[in-house]
Amino acid sequence: MFESLQDGLASALKTLRGKARLSEGNMRDALKLVEQSLLEADVSLPVVKAFMAAVAEQAIGESVLKSLDPSQQVVGIVYQELINLMGPVDHSLHLKSKDEVTVLMLCGLQGSGKTTTCGKLAMMLKERGRVPLLVAADLQRPAAIEQLSVLGEQIGVSVFSDRQSGDPVKVCQSAVKQAKSVGADVVILDTAGRLHIDEELMRQLEKIDQRIEPEQIYLVVDGMTGQDAVNSAKAFNDALELDGVILTKLDGDARGGAVLSVKHVTGVPIKFIGTGEHLDALQEFHPERMAQRILGMGDVLTLVEEAHQKFDQEEMARQEERMLAGIFTLDDFRKQLKQMTRLGSMQKIMSMMPGMGAMKKAMDGVDADADVKRLLGVIDSMTPAEKENPKLIDQRRRRRIAVGAGVEPHEVNDLVKQFDVMSGVMTSMAGKGIGERMKMVKELQEGGMFDPGGKMTKQKQSTGKRLSSKEKGNLKKQRDKELRRKKRLQREARLSKKM
Ligand SMILES: Nc1nc2c(ncn2[C@@H]2O[C@H](COP(=O)(O)OP(=O)(O)OP(=O)(O)O)[C@@H](O)[C@H]2O)c(=O)[nH]1
Ligand SMILES: [Mg+2]
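The rules behind each value
Residues numbered from 1 in each chain as written. Chains lettered and ligands numbered in written order. Predicted model: local features only at pLDDT ≥ 70, side-chain atom pairs only at ≥ 80, totals over all residues. Heavy atoms only, no water. Buried < 20%, exposed > 50% of the residue type's maximum accessible area, 1.4 Å probe, protein only. Helix = DSSP H or I, 4+ residues; strand = E, 2+ residues; numbered from the N terminus. Pairing = 2+ DSSP bridges. Contact = heavy atoms within 4.5 Å. Near = heavy atom within 4 Å. Polar contact = N/O pair within 3.5 Å; in protein donor to acceptor, adjacent residues only side chain to side chain. Areas by Shrake-Rupley, 256 points an atom, 1.4 Å probe, with all protein chains shown as cover. Phe/Tyr/Trp six-rings, centres within 6.5 Å; stacked < 30°, edge-to-face > 60°. Core = buried A, V, L, I, M, F, W, Y, C linked by side-chain atoms within 4.5 Å. Domains from an automatic or database assignment. Axes fitted to C-alpha atoms, helices over the stretch in contact; angles between N-to-C directions. Parallel < 35°, antiparallel > 145°, perpendicular 65-115°, else oblique. Left-handed = near helix turned anticlockwise from the far one by under 90°. Nonpolar A, V, L, I, M, F, W, Y, C, P; charged D, E, K, R; others polar.

Draft legend 1. View of the pairing of strand 1 (residues 102-107). Of all the six residues making up strand 1, six are buried; the element is thus mostly covered by neighbouring parts of the structure. Neither face of strand 1 is exposed, since Thr102, Leu104 and Leu106 on one face and Val103, Met105 and Cys107 on the opposite face are all buried. Judged from the four bridges that link them, strand 1 and strand 5 (residues 216-222) form a sheet pairing that is parallel. Note on strand 5: the bridge partner recorded for Leu106 is Tyr218.

As structure tokens, then:
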């Protein structure tokens, strides 16, 4: 997502980097590149103009040009202006109390994702303790009613439809009337779409708006589209007075045009983003996270949130306890890998980690998911005793495990070595907050220890410099213990030679 925009912005900002002092000319050249990358991402022209004016006003000032680190300052300005462009947000659905009926209406161009998003919203509302009713108000396509019914069944939400009726306004009216009697407190209208804006569609939607008076009207916009979608958003907004926008398909190769333009053009907040075809792929929109992602700063918060939702919390608590007790075996490692695979592909996870953008590119053609599978395969081929204590694995066993997992024997060796390094880190992470852990992970990355294929290659001691004194103490204790063990072994060896 946003790859070319990310690259464009990165190379623009790179031209500024490393220059102690900037001239106005340098800055203007860099800003030209920023402008170009926005246009290439199909951001609407008036938006680009307004954005560049705001950035230039701040960037071409004495205080930035003469500052100690101008490039950092420009990144800061671009970041803040991206946030201003996409925000502010309002995630509330403005629902009335449960004993009243709230009506939400979704509209948008054909194929933008209206019906899917109706299903996603219904599921979200259900999870929040509401009783939604989906209404098939798209009588354009005969298959539309069927599509909504299937979605409703999947999530256990009632669907109102009238196959005989030819009038969507009447369908909506009957649905709202019946909502109370079927125990629903939120009615979601799935309206028809058209390939292009046309008079007839607009009149139909206006009529629904006037007769039903929905509490909220949301425009569903395909995030993969650029200026076209944004122009139609303006037309929808003029006719209907939108309350919010839902951007879909931001999981695909969206260029960024729609997400950067739609708020500025319509003036209404982006409420949610659709990030997949699955019904749980709907997230609240956060401009600062999106700006971070666009600038290649990753999206750690979303990752942490998703991890929280998708990880098995009980299992996490058990692991935490074991780690606190200083236990981290290959079996624990295996469980963690398994949990991680639930978050999605390594590519997806990496695209959300700060600074991993470049790494992700370097990994093109490397199948990180296959690597994780190989690791799991190797661990699965070990005996329980070996998982507890990998030191038991001798040459013969190494070969057997390799055969069992379909890998080369040295890969078994590599895994054991990586694990050794990792177990030390993991146990020292125990009991730390998420922020502290992220910092440690980042230090690991910087140290080159973590490469996303799940292989730990170089272990660098540079992480040591940021350890707290208590950690340093622990580390020293560990080292001393290891030293004592080695000396004891040497002594024993000498003794046995003498005998
Ligand atoms: N990848 C991805 N696909 C999505 C998302 N939202 C919707 N889709 C897909 O987009 C296609 C169109 O979605 P619909 O929900 O049928 O779109 P619609 O706006 O109701 O279409 P019409 O009723 O024909 O106007 C379907 O294949 C959906 O699975 C999303 O967030 N990500
Ligand atoms: Mg539809």
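Draft legend 2. The arrangement of the side chain of Arg397 in detail. Position of Arg397 among the secondary structure elements: in helix 20 (residues 395-405). A residue is classified by how much of its surface remains accessible, and Arg397, at 18% relative accessible area, is buried. In contact with Arg397, other than residues within four places in its own chain, are Ser381, Met382, Thr383 and Glu386.

Draft legend 3. Expanded view of the site of ligand 1. Taken together, 20 residues lie around ligand 1, and Lys114, Thr115, Thr116, Asp251 and Glu277 are the ones closest in. A distance of 3.2 Å is found between an oxygen atom of ligand 1 and a backbone nitrogen or oxygen belonging to Ser112. Taking Gly276, its main chain carries an N or O atom lying 3.3 Å from an oxygen atom of ligand 1. The fraction of the free accessible surface of ligand 1 (660 Å²) that becomes covered by protein chains is 81%.

Draft legend 4. Focus on the packing of aromatic side chains. Counting across every chain of the model gives one aromatic pair. Between Phe333 and Phe419 the ring centres are 6.3 Å apart and the planes differ by 40°, which places this aromatic pair in the tilted class. Of this pair, Phe333 sits in helix 15 (residues 330-342) while Phe419 sits in helix 21 (residues 409-429), and the two are 86 residues apart along the sequence. Of the two residues, Phe333 and Phe419, both sit in the buried class.

Draft legend 5. Seen up close, the nonpolar core. Of all hydrophobic cores here, the largest spans 78 residues; its most connected members are Met27, Phe236, Val259 and Leu260. Per element, the largest residue contribution to this core is nine residues, and it comes from helix 5 (residues 70-86). Residue assignment places this core across two domains, with domain 1 (3-86) and domain 2 (102-296) each supplying three or more. Within the second largest apolar cluster, 24 residues are counted, among which are Leu104, Leu151, Phe272 and Leu279.

Draft legend 6. Local environment of the packing of helix 6 (residues 114-127) against helix 7 (residues 142-155). Taken N-terminus to C-terminus, the directions of helix 6 and helix 7 make an angle of 25°; their axes are 10 Å apart at the nearest point. In terms of orientation, helix 6 and helix 7 fall into the roughly parallel class. Helix 7 is crossed by helix 6, and the crossing has right-handed handedness. Facing helix 6, whose interface residues are Thr115, Thr116, Cys118, Gly119, Ala122, Met123 and Lys126, helix 7 presents Gln147, Leu148, Leu151 and Ile155. Looking at the contact of helix 6 with helix 7 residue by residue, the class counts come to six nonpolar, four polar and one charged.

Read these as spatial facts, not as claims about activity.
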